Amino acid sequence: MLLQSPPQNSLFSIQPYWLGRTWAFDAPHLGLYAEPFIAGTNTILTQLAQKYLGVEPKAGESFQLIFSAHPFPGIHLRIQRQNSEFGGYWYVSDEEEWGWLCPAMQYFFPGGLPETLYLRVLR
């Protein structure tokens, strides 16, 4: 009998919260705390939160971000991987908005950050 490894999650969920001047998130199971979104990614998250949830970037605000390397129902944004820099990758959206995902995001994708990421925001 051939034993197979359990499938890896294909949908991930984090709870970005406004910290100082950017969105940040915690993923205690990965050892990540107050990990900031920077270099354009914070702007993309602000636009998604405002457009779909009416959430403004201010202290005490948060939302749920679901993301995957595979399409799923109800996605709000698709971003494409571009070039690497400083251990992370630059991504561009269909609307030509750029954002950099830091090396910490690779904890979710041990095989490396995917070519395409699909995002959805929820309350």
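Going by the structure above, here's the rest.
Residues numbered from 1 in each chain as written. Predicted model: local features only at pLDDT ≥ 70, side-chain atom pairs only at ≥ 80, totals over all residues. Heavy atoms only, no water.

### Things to note about the overall build of the protein chain
Alright, step 1. A tally of helices and strands in the protein chain yields 1 helix and 9 strands.
Alright, step 2. Going residue by residue from the N terminus, the α and β elements of the protein chain occur as β-β-β-β-α-β-β-β-β-β.
Alright, step 3. Per-residue burial over the protein chain gives 41% buried out of 123 residues.
Alright, step 4. Entry remark: accessible area of the protein chain is about 7200 Å², with carbon and sulfur atoms responsible for 54%. (Helix = DSSP H or I, 4+ residues; strand = E, 2+ residues; numbered from the N terminus. Buried < 20%, exposed > 50% of the residue type's maximum accessible area, 1.4 Å probe, protein only. Areas by Shrake-Rupley, 256 points an atom, 1.4 Å probe, with all protein chains shown as cover.)

### Comments concerning the environment of Ala69
Alright, step 1. Looking at where Ala69 falls in the secondary structure, it is placed in the loop between strand E5 (64-68) and strand E6 (77-85).
Alright, step 2. For Ala69, a relative accessible area of 23% translates into the label partly exposed.
Alright, step 3. A sequence separation of 38 residues divides Ala69 from Tyr107, and the C-alpha atoms of the two residues are 13 Å apart.
Alright, step 4. Apart from the residues within four sequence positions on either side, Ala69 is in contact with Ser10, Phe109, Pro114, Thr116, Leu117 and Tyr118. (Contact = heavy atoms within 4.5 Å.)

### Remarks on the sheet that holds strand E3 (residues 22-27)
Alright, step 1. With respect to topology, 3 strands assemble into an open sheet ordered E2-E3-E4, the strand pairing being antiparallel. If you trace the sheet from one side to the other, it starts and ends with strand E2 (17-19) and strand E4 (32-36), each paired once. In this sheet, adjacent strand axes meet at a mean angle of 40° when their direction is disregarded.
Alright, step 2. Relative to E3, E2 is paired through 3 bridges, and the arrangement is antiparallel. (Pairing = 2+ DSSP bridges. Axes fitted to C-alpha atoms, helices over the stretch in contact; angles between N-to-C directions.)

### Quick notes on the pairing of E3
Alright, step 1. E3 sits mainly inside the fold: 5 of its 6 residues count as buried.
Alright, step 2. Counting the residues in the hairpin turn of E2 and E3 gives 2 residues, including Gly20, whose phi is positive at 70°.
Alright, step 3. Summarising the sheet, E3 and E4 pair through 3 bridges and their orientation is antiparallel. By the bridge assignment for E4, Ala27 is matched with Leu32.
Alright, step 4. Counted along the chain from E3 to the antiparallel partner E4, the turn is 4 residues long, and its residue Gly31 has a positive phi close to 80°.

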